[in-house]
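Next come the chains, spelled out residue by residue.
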Amino acid sequence: MTVIEKLNDINGVIKDLFEFVQTNEITKEDFREYLSTFGSKNVSPAQMEKLFIPYVFERHLGEPSKSVIEIYNENSNLKEKDIAKSLLTAQYSVFRIEKILKNGFELFNLTNEKPYTVLSLTKMTNFRGVAPGEFIVARIFKHENEYYLIGIDNMLPASRIKEAIRYAIVKIIQAPWLVYQDNTKKEKEITDDIKSMHKKFLEIFKSDEFITTNRHADTVIGILNDEDNIDNFDTEEAKKPLDEYKFFTIRELNNSYDNFLENSLGGFSSHIEKYDVGIIFDEELGLYSIPFYKTFCMIFETDKNGKSIVEDEKGCINYFLTNDAISDKIVRRVAEKYPNFIEKINSVLESDYTLDSLISKYKSEFLKRKIYSSTSVLFHSTVFSTSIDLIEDVAEETSSTQSTNNISYKNVGRNDLCPCGSGKKYKNCCLNK
């Protein structure tokens, strides 16, 4: 089969998928609702096709939830089923353009650190003005040992490398598997490291779980990288329980695209509020540092009068169920500790789940693929290491400028009033100087 014939077949499947989304009983109303969220009720066919690509890859429907492409595969009679199945392997990432070819590109994937030669499903004349060194946010998928480019969402000039790196890290935080997807060598590095670090964690802390507060969490994690620090670490002090357990919104964990790297670099100890943190090392999936882990556990305990000892139980439960960084194994871990787990969940949420149906609804992504903890994955991400260097460079420049004014900017939040006295918010004032 020639390249042209292959491209025609793939484009035929995509066209059929587009028609399916607009006519199928399961998807047609949802697709209209999806378009309306973009203010796109009366869109042109070209605009609709552009929104259709992220819809079929990102939207999940039903219980257990399935992607639109999975629903299509189950209901379509199209003979090219293998093409539709190949779409399920698509990677959504940030790529650097290495070379422009007659019918595609040579790309470098910033997240999994692999080069790709991809064929374009559209005419190359659509990419006039695009040059090597620039970045694209795009999807590629593999079919019959060849890679195809499907949908470019954004393009960045080479001069905006910091923004490209930042965006790549956002994608990794949202989807850790991007680091090792289609890269078996990288996945082996991660699994080997998890195995050795798990053994070290058990040797140091005598358990795969260490409950502390955000004041000590960074030190606990740091000890894994430098065991000499254990000599000066007061384990008993770090394990002291809180006076009360309550769930609340932590400003620093509400990370936007603009500030999440800086907040991550600051660590737990930079947070103003005090709360519990569970440091858990799963021997299969890696290291987790989970805010309010003990608070979540305490929901399933009561005081001597049988009353709850946690403030905002519902908020805490929803946080654990809807937080994509918390795996199904963490939820099952707590369920194994407390026989009343699902009974309490159903009471608070006014629901009727079994443990399996709860997991299926809220943690379905973990059932479809092996997702290592983002912490363990980021240890092996070159782009993340690069991002830390970039943030530290910016911090040094900012510190140098601000120190000349003898003003302290330590622990100032983005939305706090700027310490310089301008009356503006910090993010609109000295933060950007």
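Computed from a prediction, not measured in an experiment: that's the story for all the values here.

**Here's the deal with the overall build of the chain**
Part 1 of the reasoning: Of regular secondary structure, the chain possesses 18 helices and 12 strands.
Part 2 of the reasoning: Per element, the accessible surface of the chain, about 22900 Å² overall, is 48% carbon and sulfur.

**Re the sheet that holds strand β7 (residues 146-156)**
Part 1 of the reasoning: Read around the closed barrel, 5 strands run β3-β4-β5-β7-β6, paired in mixed fashion. On average, adjacent strands in this sheet sit at an angle of 55° to one another, irrespective of strand direction.
Part 2 of the reasoning: Two elements, strand β4 (residues 104-109) and strand β5 (residues 114-120), share 6 bridges in a ladder whose sense is antiparallel. Among the inter-strand pairings, Phe 108 is bridged to a residue of β5, identified as Pro 115.
Part 3 of the reasoning: Seen against the sheet, helix α1 (residues 3-23) touches β5, β6 (135-143) and β7 and runs at an angle of roughly 60° to β7.
Part 4 of the reasoning: Along the sheet, helix α6 (residues 161-174) contacts β3 (91-100), β6 and β7; its crossing angle with β3, the most-contacted strand, is approximately 150°.

**A look at the state of the cysteines**
Two cysteines, two sulfur atoms, one covalent bond between them: this is a disulfide.
Part 1 of the reasoning: Considering all chains together, one arrives at 0 disulfides under this definition.
Part 2 of the reasoning: Distance from the sulfur of Cys 297, which forms no disulfide, to the nearest cysteine sulfur (Cys 316) is 9.1 Å.

**Considerations on the packing of helix α12 (residues 313-322) against helix α14 (residues 341-349)**
Part 1 of the reasoning: Running from amino to carboxyl end, α12 crosses α14 at an angle of 115°, the nearest separation of the two axes being 10 Å. The angle between α12 and α14 falls in the class roughly perpendicular. Of the two elements, α12 crosses α14, and the hand of that crossing is left-handed. Between α12 and α14, the residues in contact are Glu 313, Lys 314, Ile 317, Asn 318 and Leu 321 and Lys 344, Ile 345, Val 348 and Leu 349, respectively.
Part 2 of the reasoning: For the contact of α12 with α14, the class distribution of residues is 5 nonpolar, 1 polar and 3 charged.

**What about the packing of α1 against helix α4 (residues 68-75)?**
Part 1 of the reasoning: Here α1 crosses α4 at 95°, and the two axes come no closer than 11 Å. The orientation of α1 with respect to α4, classified from their angle, is roughly perpendicular. Residues Val 13, Asp 16, Leu 17, Phe 20 and Val 21 of α1 lie in contact with α4, whose contacting residues are Val 68, Ile 69, Ile 71, Tyr 72 and Asn 75.
Part 2 of the reasoning: For the contact of α1 with α4, the class distribution of residues is 8 nonpolar, 1 polar and 1 charged.

**Remarks on the side chain of Asp 30**
Part 1 of the reasoning: For Asp 30, the location among the structural elements is in helix α2 (residues 28-37).
Part 2 of the reasoning: Residue classification places Asp 30 among the buried positions, given a relative accessible area of 13%.
Part 3 of the reasoning: Looking at Asp 30, its side chain comes within polar contact range of the side chain of Arg 59, at 2.9 Å.
Part 4 of the reasoning: Residues within four places of Asp 30 in sequence aside, it is in contact with Tyr 55, Arg 59 and Leu 61.

**Examining the pattern of salt bridges**
Part 1 of the reasoning: Counting across every chain of the model gives 26 salt bridges.
Part 2 of the reasoning: A salt bridge links Lys 114 to Asp 182; the shortest N-O distance between them is 3.6 Å. With Lys 114 in strand β5 and Asp 182 in the loop between α6 and α7 (184-205), this pair connects stretches of sequence that are 68 residues apart.
Part 3 of the reasoning: Between Glu 284 and Lys 370 there is a salt bridge whose closest N-O contact spans 3.1 Å. Here Glu 284, found in the loop between β10 (276-282) and β11 (286-291), pairs with Lys 370, found in the loop between α16 (364-368) and α17 (374-378); they are 86 residues apart in sequence, far enough to count as distant.

**Some thoughts on the nonpolar core**
Part 1 of the reasoning: If you look at the biggest cluster of nonpolar residues, it comprises 76 residues, and the most contacted ones within it are Ile 279, Phe 296 and Phe 341.
Part 2 of the reasoning: Once residues lying within four places of it in the same chain are set aside, the contact partners of Ile 279 are Phe 201, Asp 208, Glu 209, Phe 210, Thr 212, Ala 217, Val 220, Ile 221, Leu 287, Tyr 288 and Ser 289.
Part 3 of the reasoning: The next biggest cluster of nonpolar side chains, apart from the first, holds 32 residues, and it includes Ile 10, Leu 35, Leu 51 and Tyr 72.

**Observations concerning the sheet that holds β11**
Part 1 of the reasoning: Spatial ordering of the open sheet is given by β8-β10-β11, a layout of 3 strands whose pairing is antiparallel. Whereas interior strands pair on both sides, the edge strands pair on one side only; in this sheet they are β8 (209-213) and β11. Strand-to-strand twist across the sheet, computed as the mean angle between neighbouring axes with direction ignored, equals 20°.
Part 2 of the reasoning: Where β8 and β10 come together, 5 bridges link them in antiparallel fashion. Bridging from a neighbouring strand, Phe 210 pairs with Ile 279 of β10.
Part 3 of the reasoning: On top of the sheet, helix α13 (residues 328-337) reaches β8, β10 and β11; it is set at about 105° to β10, its chief contact.

Rules behind the numbers
- Numbers given to residues run from 1 along each chain, matching the order in which its sequence is written.
- Only residues with pLDDT of 70 or above have their local features reported here, since the model is predicted, and side-chain atom pairs are shown and tallied only from 80 upward, although totals for entire chains, interfaces and linings are computed over all residues.
- Derived side-chain values reflect all non-hydrogen atoms in the structure, with water molecules and hydrogen atoms excluded from consideration.
- Numbering of helices and strands runs from the N terminus; a helix is a DSSP stretch of H or I covering at least four residues, while a strand is a stretch of E covering at least two.
- For the accessible areas, the method is Shrake-Rupley and the probe is 1.4 Å, while residue cover comes only from the protein chains on display.
- Pairing between two strands is assigned when DSSP locates at least 2 bridges connecting them.
- Under this scheme, a helix contributes an axis fitted over its contacting stretch, all axes are lines through C-alpha atoms, and angles between N-to-C directions fall in the 0 to 180 degree range.
- In what follows, residue pairs with any heavy atoms lying within 4.5 Å of each other are defined as contacts.
- What counts as a disulfide here is a pair of cysteine sulfur atoms lying within 2.5 Å.
- Throughout, the term roughly parallel applies to angles under 35 degrees, roughly antiparallel to angles over 145, roughly perpendicular to angles from 65 to 115, and oblique to all others.
- Crossing handedness is defined as follows: a turn of the near helix away from the far one that is anticlockwise and smaller than a right angle gives a left-handed crossing, while the clockwise case is right-handed.
- In this count, Pro and Cys sit with the nonpolar residues alongside Ala, Val, Leu, Ile, Met, Phe, Trp and Tyr, while Asp, Glu, Lys and Arg are called charged and the others, Gly among them, polar.
- Here the term buried applies to any residue with accessible area under 20% of the maximum for its type, exposed to any over 50%, and partly exposed to those in between, with areas from a 1.4 Å probe on protein chains only.
- Identification of polar contacts relies on pairs of N or O atoms within 3.5 Å, with a donor-acceptor requirement for protein atoms, meaning one able to donate a hydrogen and the other able to accept it, and with residues adjacent in sequence counted only if both atoms are side-chain atoms.
- The term salt bridge refers to a side-chain nitrogen of Lys or Arg lying within 4 Å of a carboxyl oxygen of Asp or Glu.
- Here, the term nonpolar core denotes a set of buried Ala, Val, Leu, Ile, Met, Phe, Trp, Tyr and Cys residues that are joined through side-chain atoms within 4.5 Å.

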